Amino acid sequence: MKAYELIIIGAGPAGITAAIYAARRKLNFLLISKDIGGQTLLSAEVKNYTGYHFIKGTDLVKKFEEHLRDYKIKVKIKERVKNIRKIGKNFEIITSKSKYQTRAVIVASGKKPRKLKVPGEDEFHNKGLTYCATCDAPLFDQKIVAVIGGANSALESTLASIPYAKKIYIITINSKLYGDKVLQDKILKNKKVEVLYKAKTTEVLGKKFVTGLKLEQNKKERTLNVEGIFVEIGLIPGCNFAEIIRKNKWGEIMIKRSTKTMAENLTNISGIFAAGDVTDIPAKQIIVAAGEGSKAALACFDYLGKQQEGW
Ligand SMILES: Cc1cc2nc3c(=O)[nH]c(=O)nc-3n(C[C@H](O)[C@H](O)[C@H](O)COP(=O)(O)OP(=O)(O)OC[C@H]3O[C@@H](n4cnc5c(N)ncnc54)[C@H](O)[C@@H]3O)c2cc1C
């Protein structure tokens, strides 16, 4: 089994930044991730990353990756971490492809879309049902689509669909929309958009591809004929594999915020650090995740040094 000083899990802004810092400190480490870019790939336009007035999420990820490739970093992509086990002072990381040993870990596995959990959802995933309108809206040119959700991500998805779709239903279980007022104003005055309030999606319908959905509204069942469904009901932390780490009630990894570098971004387990959206830091933003990744790497470097000195 291969052994490292550090394994970083996740290659979103937090994990990539942690990797760049770890490389500059010449740690012997491995970066494991399902993809490169994480949620930033889903952002149509980023307007709040310092130095870039405006940049597409996919282009920002290209920049991140180029920066990462400046260093000779060992990277395993398309590999999913399934478990972390503590073995003495070290850890064993079990993935979909292999097992690794490491002295320290940085969990930077971010968030993933929350599922509707209704019949047909899994069957028609990527066959008309998607979790990323920003990525897939152009596929539904001149089609009738439904955006499920009622807060910012649903509003952003609706905006992404407006140039393409013939008609867009927003389906929300609430009696009003939540999210930025500016987005709501833009959306509600667009004639293509119809909002169905207090409506609960109960089934996704289709043959080879999505043909519609069933919903309940005012205690009545209704079928909508749509060819595209964007599920935008929020995100959940992607850290089921980290059973040994303490989490808050939302499933986010609890980290220490301390003025002492040694403890910064440390979880309840000595040697396991966490950074970015997977943690309980309140601001879920690209620049914050990147900053947290750097902090975690520096704290981890400090931890490894002190461990070696026998502190
Ligand atoms: C539609 C959308 C638009 C957004 N727009 C903006 C914006 O304009 N500006 C802004 O600042 N923020 C925006 N955000 C938020 C921003 O994208 C996140 O705050 C940021 O990406 C968090 O970075 P992260 O590295 O913590 O996690 P993520 O970006 O979620 O990355 C997590 C990484 O971990 C990997 N991973 C997950 N589980 C595993 C596993 N088990 N094994 C291996 N790898 C795993 C993933 O593949 C991914 O590479 C947006 C988010 C969304 C969804």
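Sequence positions are assigned chain by chain, starting from 1 and proceeding in written order. Where totals are concerned, whole chains, interfaces and linings use all residues; where local detail is concerned, this predicted model gives features only for residues with pLDDT of at least 70, and gives and counts side-chain atom pairs only at 80 or more.

### Quick word on the overall build of the protein chain
Each helix and strand counted, the protein chain has 6 helices and 17 strands in total. Radius of gyration means the value over C-alpha atoms here, while the globule rule gives 2.2 Å times the residue count to the 0.38 power. On C-alpha atoms alone, the protein chain measures out to a radius of gyration of 21 Å, which is about the 19 Å that the 2.2 N^0.38 rule sets for 311 residues. For the protein chain, the spread of C-alpha atoms along the principal axes amounts to about 65 × 40 × 35 Å. Counting other C-beta atoms within 10 Å of its own, a residue is labelled buried from 20 upward, exposed at 12 or fewer, and partly exposed in the gap between, with every C-beta atom placed from the backbone. For the protein chain, buried positions account for 42% of its 311 residues. In this text, helices come from DSSP runs of H or I with a minimum length of four residues, and strands from runs of E with a minimum of two, each type numbered from the N-terminal end.

### Focus: the domain arrangement of the protein chain
Boundaries between domains were set according to an automatic or database domain assignment. Each assigned domain of the protein chain is listed with its residue range as follows: domain 1 (2–112 + 236–308) and domain 2 (129–231). Relative placement of domain 1 and domain 2: their C-alpha centres are 33 Å apart.

### A few points about the site of the ligand
Nearness rests on one distance test: the residue's C-beta atom, set from the backbone, must lie within 6 Å of the molecule or strand. The environment of the ligand is made up of 37 residues, and the closest members are G10, G12, G38, G110 and G276. Taken together, the elements giving at least two residues each to the shell around the ligand come down to α1 (13–24), β2 (29–33), α4 (152–161) and α6 (286–308). A class-by-class count of the residues in the shell around the ligand yields 14 nonpolar, 16 polar and 7 charged. When we break the shell around the ligand down by domain, the ones giving at least three residues each are domain 1 (2–112 + 236–308) and domain 2 (129–231). Polar here means any residue outside two lists: the nonpolar Ala, Val, Leu, Ile, Met, Phe, Trp, Tyr, Cys and Pro, and the charged Asp, Glu, Lys and Arg; Gly therefore counts as polar.

### Things to note about the sheet that holds strand β10 (residues 167–171)
Within a beta sheet, neighbouring strands are joined by backbone hydrogen bonds and run either parallel or antiparallel to one another. Ordered in space as β8-β15-β9-β10-β11, the 5 strands form an open sheet in which the pairing is parallel. Strands with a single pairing partner mark the edges of an open sheet, and in this sheet they are β8 (129–130) and β11 (193–196). Both strand β9 (residues 144–148) and strand β15 (residues 228–231) contribute to a ladder of 4 bridges, which runs parallel. The residue of β15 that forms the bridge with A146 is I229. Here the rule is simple: two strands pair whenever DSSP picks up at least two bridges between them.

### Some remarks on the nonpolar core
The nonpolar core is taken to be a set of buried Ala, Val, Leu, Ile, Met, Phe, Trp, Tyr and Cys residues joined by way of C-beta atoms within 7 Å. Ranked by size, the top nonpolar core spans 52 residues in total, and within it I8, A18, I106, V107 and C300 carry the most contacts. Ranked by residues supplied to this core, first place goes to α6 with 10 residues. The contact rule is simple: place each C-beta atom from the backbone, and if two of them lie within 7 Å, those residues are in contact. In this structure C300 touches L6, A104, I106 and F273, once residues within four positions along its chain are discounted.

### Observations concerning α1
Taking 1.5 Å per residue as the helical rise, α1 with its 12 residues ought to reach 16 Å, and the 17 Å between its terminal C-alpha atoms agrees with that figure. Within α1, 10 of the 12 residues are buried, leaving the element largely enclosed by the surrounding structure. P13, A14, G15, I16, T17, A18, A19, I20, Y21 and A22 are the residues of α1 that are buried. Residues of α1 that are buried in the fold lie against β1 (2–9), β2, α2 (57–69), β6 (99–107) and α6. K26 lies just past α1 and shows a positive phi near 55°. Expected span of a helix, by definition, is 1.5 Å for each gap between consecutive residues, and there is one gap fewer than residues.

### Some details on the pairing of β11
For β10 and β11, the ladder comprises 4 bridges, and the chain directions are parallel. The residue of β11 that forms the bridge with I168 is V193. Regarding topology, helix α5 (residues 181–188) serves as the crossover connection from β10 to the parallel β11, and that connection is right-handed. By definition, the crossover connecting two strands over a helix is right-handed if that path, from the first strand to the second, turns clockwise as seen with the strands pointing away from the viewer.

### Topic: the environment of K207
By the secondary structure assignment, K207 is in the loop between β12 (199–206) and β13 (210–217). Separated by 89 residues in the primary sequence, K207 and A296 have C-alpha atoms spaced 47 Å apart.

### What to know about the packing of α1 against α6
Between α1 and α6, the least distance of the axes is 7 Å, while the angle of their chain directions is 35°. Remark: the crossing between α1 and α6 carries right-handed chirality. Contacts between α1 and α6 involve P13, A14, G15, T17, A18, Y21 and A22 from the former and I286, A289, A290, E292, G293, S294, A296, A297 and L298 from the latter. Within the contact of α1 with α6, the residues separate by chemical class into 11 nonpolar, 4 polar and 1 charged. Fitted lines through C-alpha atoms serve as axes, helices being fitted only where they are in contact, and the angles separating the N-to-C directions of these axes extend from 0 to 180 degrees. By definition, any crossing whose near helix is turned counterclockwise from its far helix by less than a right angle is left-handed, and any crossing with a clockwise turn is right-handed.

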